[in-house]
Amino acid sequence: MPSLTRTTVEKMTRELGAIADLQTAEVILANKNNTLGFDATTQEGDHVNSIHVTTKTDCYVVAIDELPGGTAQDYSSHITDSIDNLANVHTYFNGGEKQRTKQKIIDNISNTMTDRCAANHAAIKLVEQTWDKSLNELNCHLHPLDSIATKTRSALKRCEERGVAKDLWGKDCFAANIVLSMNKMRYKDAKGDPRGFVIFLESENLPRGILPRYRGNRLHIFFHICGILIEHFEKFQKFLQKGTTCGGLRTSLLKDYNSEVAHVEMHVVGLLGKLLTGPWMKKFYRSHEDQNDHVEGIPMVKKVVERLNMEREPLDFLEWTKDFFDDTLDASDATLQALRQEPKNPELFKVMMKACISAVVDVLERQYRKYFDISIDDKLKEETKSARNHNIDAEEVMGMFSAAKQKAPNATLCYLSCKMRGQKN
C-alpha cells in the first residue's frame with residue numbers, strides 16, 4: 001500500500017481542526033459564563049498566540065495562530081476573528097444566521113483569564129468595545145510567584161555588602177548564581193558534569209530528580225531548590241570538592257557555596273519556600289476537580305498580606321508551626337527541619353528576611369490592588385465558576401506548540417494548530 005502524501009496528511013489534519021472548531025462552538029453555546037484565556041510566546045522569530053475557553057469542567061483550544069506583533073490590537077483582533085470563525089463553522093454545519101450564532105457565543109463568555117500584562121489588559125478593553133460587552137477581567141493566581149522570586153533576588157542583592165567577592169559569573173545575588181550554576185553542573189553536558197552528578201546522587205542515596213531543572217524564576221522552583229541545597233548542604237559540598245574542574249565552574253561554585261552570605265541567602269529563600277511559596281502552589285495549582293473558586297482566592301491572598309505586614313522578629317520564623325495561609329506545617333518534613341536550624345549569621349538573616357518580606361508585600365499589594373477593591377457578591381461568584389485559579393492551560397498549549405515545532409520544524413503552523421486542537425479538545 002503506497003504511503004500517504006504530505007498533502008493528504010495535511011488535509012486530514014485540517015479536517016480535525018474543523019471538527020475541533022465545531023466542538024468548541026457547541027460547548028460555548030451549551031454553557032453559560034465561560035472563561036476565555038489567551039497567552040503568547042515568541043519562538044524563532046514567530047510570535048504565536050493561543051486562545052482557549054474553559055467551562056466548569058473542561059478546557060477547549062479555540063485558536064493557535066502567528067500574529068504580526070504583540071500589541072493589544074494584534075491580540076484583540078485575533079480574539080474577535082477567532083470567535084467569528086467559530087460562528088462561521090457552526091453555521092456551516094448546523095444552519096441558522098451567522099450573526100445570531102456569533103452573538104450567542106459572545107453572550108456566553110463572561111470572563112477573561114490572562115497574565116498581568118499591560119498589553120493583555122488593553123487587548124481585553126478593545127474586545128469589550130468591539131463586542132459592546134463588559135467582561136470580568138481575571139488574572140492568574142500563580143504568576144505573582146514569578147515576580148516574588150525576582151523581587152526577592154533583588155532584595156538579597158541589595159543586602160549584600162558592596163565589593164563582596166564572588167567567584168561565579170553573574171550579577172545576581174549569591175543564591176541565584178549558585179542555583180543557576182548547580183543546574184549547569186547537573187544538566188549541561190558541555191559546561192557541567194551530569195554523569196558525575198548522577199553517580200554522586202546514587203552514592204548518597206538521593207533521587208536523580210532532587211534538583212529540578214532551573215529555567216529562571218518560574219513559580220516556586222527557586223525557593224524549592226534553595227531549601228534542598230540547605231537540607232543536603234554537606235553532601236553537595238562534598239561533591240564539589242572533587243571531580244572534573246568543568247572549566248573552573250566547580251571551583252568557583254564551591255567557593256561561593258561555602259560563603260556565609262550565600263548560606264544565609266539560601267536559608268532565607270528556602271524558609272520562605274516553606275512558609276509562603278510552597279503553600280501558595282498547593283492552594284492555587286490544582287485541577288478543576290478540587291480547586292477553590294477563583295474569587296475565593298482573593299480574600300486568601302488578602303489575609304496573607306495582612307500576616308506579612310505584622311511586626312515580628314525574623315528569627316521567630318524558624319519556630320513557626322503554621323505557614324502564611326494559617327495551615328499547619330508538616331513537622332516531619334526533612335527540608336523544614338534543616339531550615340529551622342540557627343542561621344550561620346543571625347544578624348544578616350534578620351536583615352535579609354525583613355528585606356524579602358517587604359519585597360513580597362510590595363509585589364502582592366501592587367498586583368492584587370485591583371482585586372482587593374472589588375466587591376465579591378453571589379453574581380460574581382456564579383459568573384466566575386468556570387475560571388481556573390491559574391492560566392496554566394495556556395502555558396500547556398504553548399508547551400505543546402514548542403514540542404510540535406521541534407519535532408516537525410518544516411510543518412506549517414496551520415497543520416500544527418489543527419493537530420494540537422485535535423489532541424487537546
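What you see is a predicted model, and the numbers here were worked out from it, not measured in a lab.

K.L.:
What is the right way to read the overall build of the chain from this model?
P.N.:
Each helix and strand in the chain was counted, giving 18 helices and five strands. In terms of its C-alpha atoms, the chain occupies a principal-axis envelope of roughly 75 × 60 × 40 Å. Counting across all 425 residues of the chain, residues that qualify as buried make up 53%. Residue pairs at least 24 apart in sequence account for 70% of intrachain contacts in the chain once pairs closer than 6 positions are excluded. As displayed, the chain has an accessible area near 20,400 Å², and 49% of this comes from carbon and sulfur atoms. A distance of 3 Å separates the average location of the 58 positive side-chain charges in the chain from that of its 59 negative side-chain charges.

K.L.:
It is not clear to me how the pairing of strand β4 (residues 109-114) should be interpreted in this structure. Could you clarify?
P.N.:
Regular strands show a simple pattern: their side chains alternate between the two faces of the sheet. Within β4, six of the six residues are buried, leaving the element largely enclosed by the surrounding structure. Bridge count between strand β1 (residues 34-43) and β4: four bridges; the pairing is parallel. Across the sheet, the residue bridging to L36 is T112, located in β4. When β4 meets strand β5 (residues 136-139), the two strands line up parallel, connected through four bridges. Directly across from T114, in β5, lies its bridge partner N139.

K.L.:
I tried to follow the sheet that holds β4 on my own but got confused; where do I start?
P.N.:
Across a sheet, paired strands are connected by hydrogen bonds in the backbone, their directions being either parallel or antiparallel. The sheet built from five strands is open, its strands ordered β3-β2-β1-β4-β5 with mixed pairing. Looking at strand neighbours, the two that pair on one side only are β3 (59-67) and β5, the edges of this open sheet. Across the sheet, the axes of successive neighbouring strands diverge by a mean angle of 25°, strand direction being ignored. Sheet strands in contact with helix α2 (residues 72-94) are β1, β2 (46-54), β3 and β4, and its direction is about 125° off that of β3.

K.L.:
I keep staring at helix α8 (residues 221-231) and nothing clicks. Help me out?
P.N.:
In terms of burial, α8 is largely enclosed, as nine of its 11 residues are buried. Along α8, the residues classified as buried are I221, F222, F223, I225, C226, G227, I228, L229 and I230. The elements touched by buried residues of α8 are α5 (144-159), α6 (174-187), α9 (233-240), α10 (249-257), α11 (260-284) and α13 (334-339).

K.L.:
How should helix α1 (residues 6-30) be read in this particular structure?
P.N.:
Given 3.6 residues to a turn, an α-helix orients residues that are three or four positions apart in the same direction. The end-to-end C-alpha distance of α1 is 36 Å, a good match for the 36 Å that 25 residues give at a rise of 1.5 Å each. Every buried residue belonging to α1 is among T13, G17, A20, D21, L22, T24, A25, V27 and I28, and all of these are buried.

K.L.:
Even after reading the chapter, I still don't get the environment of M398, so can you show me in this structure?
P.N.:
Turning to its location among the elements, M398 is positioned in helix α17 (residues 392-407). What makes M398 buried here is its relative accessible area of 6%. Considering only alpha carbons, one finds M398 and N49, 349 residues apart in sequence, at a separation of 8.5 Å. For M398, the residues in contact, after removing those within four places along its chain, are D39, A40, T41, V48 and S50.

So, how was this worked out
Residues numbered from 1 in each chain as written. Predicted model: local features only at pLDDT ≥ 70, side-chain atom pairs only at ≥ 80, totals over all residues. Heavy atoms only, no water. Helix = DSSP H or I, 4+ residues; strand = E, 2+ residues; numbered from the N terminus. Buried < 20%, exposed > 50% of the residue type's maximum accessible area, 1.4 Å probe, protein only. Contact = heavy atoms within 4.5 Å. Areas by Shrake-Rupley, 256 points an atom, 1.4 Å probe, with all protein chains shown as cover. Lys, Arg positive; Asp, Glu negative; His and termini not counted. Charge placed at Lys NZ, Arg CZ, Asp CG, Glu CD. Pairing = 2+ DSSP bridges. Axes fitted to C-alpha atoms, helices over the stretch in contact; angles between N-to-C directions. Expected span 1.5 Å × (residues − 1).

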